[in-house]
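Breakdown of the fold
These are the residues of each chain, in order.
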Amino acid sequence: MGIELPQCKLVYGRYFPFWDKLTDEQRERLCANTAELKYRKGMNIHGTDDSCTGAIMVISGSLRAYLLSENGKEITLYRFKKGEVCMLSASCVLRSITFDVVIDAEEDSEIYVVRGDIMAQVASENLYVENYALDNAVKSFSDVVWVMQQIMFLSLDKRLAVFLWDESVRNGSSRITLTHEQIAKYISSAREAVTRMLRYFANEGIVEVTRRGINIIDKEKLRALTA
């Protein structure tokens, strides 16, 4: 286990804000206990039965974290892109703030996983690491609250409009190459309901729905729906 020290230092130095606050021994310990893993699209990385997978950093691709009910319903909480870190898969680091989340590869992805117990050791030794872990968890918790507010208080048309707008901004493109089933999972709705609402958006001249995805053709109208 472990990745080459120069490569590890290069990546962690770029994305971990506490990296220059560590001792040489702490840096080497984190690198020696980091696994480099690759996952195909749709593969599971962390499940509710995993007590402490570790801290996950996305090197390429993207991950999706979601809640899974007993009857199989999914609620997407957040998504991670290159350079982003998920600490909620490391319950042994954040014993007072834990979520039973499931994490899947949203597309073919490469990740670094720092062993949870080692991350916890370093966090207990270094205040900067501990603060980073807590800040990361608080941000994720804020995202969870935002998702729950959307589900509880926003109508489907507004939830869908917010999602399409955010997705367009995130990717820097008016084209969204997601299936109706994927969108339904992301906004916690039924596929049939999403299809009907997209058809309504298309009739209103807001989007164009094709077999390859969704094209936003009137951003002003879409933006107005998010207000």
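This structure is a prediction, so every number in the text was calculated from the model and none was measured.

A look at helix 6 (residues 180-187)
All of the buried residues in helix 6 are Ile-183, Ala-184, Tyr-186 and Ile-187. The buried side chains of helix 6 occupy one side of the element, clustering within an arc of 165 degrees when seen end-on. Taken from the residues just after helix 6, Ser-188 is the one with a positive phi, measuring 55 degrees.

A few points about unusual backbone geometry
One non-glycine residue with positive phi stands out, namely Ser-188, at about 55 degrees. With respect to the helices, strands and loops of the structure, Ser-188 is situated in the loop between helix 6 and helix 7 (191-203). When its relative accessible area of 10% is taken as the criterion, Ser-188 is described as buried.

Considering the environment of Asp-157
Its place among the elements puts Asp-157 in helix 5 (residues 156-171). What makes Asp-157 partly exposed here is its relative accessible area of 27%. Along the backbone, Asp-157 and Asn-33 are 124 residues apart, and their C-alpha atoms lie at a distance of 46 Å. Those residues within four positions of Asp-157 in sequence are excluded, and the remaining contacts are Met-197 and Phe-201. Only 2.3 Å separates the side chain of Asp-157 from the side chain of Ser-155, close enough to count as a polar contact.

Description of the sheet that holds strand 4 (residues 63-68)
Read across the sheet, 4 strands follow the order 2-7-4-5 without closing on themselves; strand pairing throughout is antiparallel. The sheet is open, and its two borders are formed by strand 2 (44-46) and strand 5 (74-80), each paired with just one other strand. Along the sheet, successive strands turn relative to each other by an average axial angle of 35 degrees, direction set aside. Pairing of strand 4 with strand 7 (residues 102-105), which is carried by 4 bridges, proceeds in the antiparallel orientation. Bridging across to strand 7, Ala-65 finds its partner in Ile-103.

As for the state of the cysteines
Applying the stated criterion across every chain, the model contains 1 disulfide. Covalently, Cys-8 is tied to Cys-31 through a disulfide, its sulfur atoms 1.9 Å apart. Between Cys-8 and Cys-31, the S-S dihedral sits near -85 degrees, and the bridge is therefore left-handed. Placement of the pair is Cys-8 in helix 1 (residues 5-15) and Cys-31 in helix 2 (residues 24-32), with a sequence separation of 23 residues. Per residue, the accessibility class of Cys-8 equals that of Cys-31, and both read buried.

Focus on the environment of Leu-88
The topology assignment puts Leu-88 in the loop between strand 6 (85-86) and strand 7. Sequence spacing of Leu-88 and Thr-53 is 35 residues, and the spatial spacing of their C-alpha atoms is 9.2 Å.

Cut-off values and rules
- Along each chain, the written sequence defines residue order, and numbers are assigned to residues from 1.
- It should be noted that, the model being predicted, local features are given only for residues of pLDDT at least 70 and side-chain atom pairs only at 80 or more, the latter also being counted only at that level, while totals for whole chains, interfaces and linings use all residues.
- Calculated side-chain values reflect all of the structure's heavy atoms, with hydrogen atoms and water omitted.
- Between buried and exposed lies partly exposed: a residue is buried under 20% and exposed over 50% of the maximum accessible area for its type, with that area taken using a 1.4 Å probe on protein chains only.
- Helix numbering and strand numbering both begin at the N terminus, where a helix is a DSSP run of H or I of at least 4 residues and a strand a DSSP run of E of at least 2.
- In this description, one arc is meant: the one made by directions from the helix axis to the C-beta atoms.
- Residue contacts are counted whenever heavy atoms from the two residues lie within 4.5 Å of one another.
- Two N or O atoms count as a polar contact when they lie within 3.5 Å, although within protein this holds only if one can serve as hydrogen donor and the other as acceptor, and sequence-adjacent residues are included solely when both atoms are side-chain atoms.
- Two strands qualify as a pair provided DSSP detects at least 2 bridges between them.
- Geometry is summarised by axes, namely lines fitted to C-alpha atoms with helices restricted to the contacting stretch, and by angles between N-to-C directions that run from 0 to 180 degrees.
- When two cysteine sulfur atoms are found within 2.5 Å, that pair is recorded as a disulfide.

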